[in-house]
Amino acid sequence: MRPLDEKETTQVFEKLFKFTGPNLKHLLERPAVEGPDPEPGRYCLRLHRNRVYYASEALVRRATAVARPCLAAVGTPIGKFTHHGSFHLTVHALDLLAAHARRRVWLKPDTERSFLFGNSVPKSSLARITENTKAGDGVVVMSMADVPLGFGIAARSAQDCRKADTNAVVVLHQADAGEYLRKEEELM
């Protein structure tokens, strides 16, 4: 387990910024609430076996006592680096993204299952969308009860969604809560 180097940090922050925008600073600057220390410090990002973890500094200090081959994980896994060096967010980051997301999309209750099976979101499934959403922005997909279901990339702006055909794709699927069941072996 080690801190991210400059190139890795840039890739992770660019991907997180796509979803959180200026709220990214709140992600790392908020005081940590986990760990037995009276002052657990702040949160940080660490790399272990090509996976990026979001953990409190107190937890990271305690994890240094464990040998690398024996350490399975530390904190919340938020993404992984591929063999080619690109960074991908995983479904584990959903809670962090939902809490700090700048743009959201809400689905109709009868169409949530389609998204949870790994399909992209067509306009016919859309209940609401955050104003000023542009094509290419990261969005968190929510149920009408404000439960985060997953995240993806907006394929159309909020203005274009009004004029689009009912079968036109509005959000390109990236990750959803259904992956915990579909890709159970791969996630850990």
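If you're wondering where the values come from, they're calculated on a predicted model, not measured in any experiment.

So, about the domain arrangement of the protein chain. Entries for the protein chain in the domain assignment read domain 1 (2–96) and domain 2 (103–183). Taken over C-alpha atoms, the centre of domain 1 sits 26 Å from the centre of domain 2. Counting residues at the interface gives seven residues for domain 1, matched by 18 residues for domain 2. Contact between domain 1 and domain 2 buries roughly 920 Å² in total, counting both sides, with carbon and sulfur atoms accounting for 70%. Counting every contact that joins domain 1 to domain 2 gives zero salt bridges. Classifying every residue of the side of domain 1 that touches domain 2 gives four nonpolar, two polar and one charged.

With five of five residues buried, strand β9 (residues 138–142) lies mostly within the body of the structure. Residues G138, V140 and M142 of β9 are buried on one face, and the alternating residues V139 and V141, pointing to the opposite face, are buried as well. Two elements, strand β6 (residues 104–107) and β9, share three bridges in a ladder whose sense is parallel. Residue pairing across strands places W106 opposite M142, the latter belonging to β9. Judged from the five bridges that link them, β9 and strand β10 (residues 148–154) form a sheet pairing that is antiparallel. Across the sheet, residue V140 finds its bridge partner in β10, namely F151. Between the end of β9 and the start of β10, which pair antiparallel, lie five residues, with D146 showing a positive phi angle near 60°.

Taken in spatial order, the six strands make up an open sheet running β7-β11-β10-β9-β6-β8, and their pairing is mixed. The two strands at the open ends of the sheet, each matched to only one other strand, are β7 (121–122) and β8 (126–129). Each of β9, β10 and β11 (169–176) is contacted by helix α1 (residues 6–20), which is oriented at about 105° to β10, the strand it contacts most.

Following the sequence through the fold, A72 ends up in the loop between α3 (57–63) and β4 (76–81). Taking relative accessible area as the criterion, A72 reaches 60% and is therefore assigned exposed. Separated by 46 residues in sequence, A72 and H26 have C-alpha atoms that sit 27 Å apart. With residues near it in sequence (within four places) discarded, A72 still touches H48, R49 and Y53.

Attention shifts here to the nonpolar core. Generally speaking, soluble globular proteins have nonpolar side chains that are buried together. Core analysis: the biggest nonpolar cluster contains 29 residues, and V12, L16, V52, I78, L89 and L97 have the highest contact counts within it. The element contributing the most residues to this core is helix α4 (residues 94–100), with four residues. Two domains each donate at least three residues to this core, and these are domain 1 (2–96) and domain 2 (103–183). Setting aside its immediate chain neighbours within four residues, I78 contacts V12, L16, L45, V52, Y54, F87, H88, L89, T90, A93 and L96. If you look at the next biggest cluster of nonpolar residues, it comprises 14 residues, including F115, L126, L149 and V170.

Thresholds applied
Residues numbered from 1 in each chain as written. Predicted model: local features only at pLDDT ≥ 70, side-chain atom pairs only at ≥ 80, totals over all residues. Heavy atoms only, no water. Domains from an automatic or database assignment. Contact = heavy atoms within 4.5 Å. Buried area = accessible area lost by both parts, 1.4 Å probe. Salt bridge = Lys/Arg side-chain N within 4 Å of Asp/Glu carboxyl O. Nonpolar A, V, L, I, M, F, W, Y, C, P; charged D, E, K, R; others polar. Buried < 20%, exposed > 50% of the residue type's maximum accessible area, 1.4 Å probe, protein only. Helix = DSSP H or I, 4+ residues; strand = E, 2+ residues; numbered from the N terminus. Pairing = 2+ DSSP bridges. Axes fitted to C-alpha atoms, helices over the stretch in contact; angles between N-to-C directions. Core = buried A, V, L, I, M, F, W, Y, C linked by side-chain atoms within 4.5 Å.

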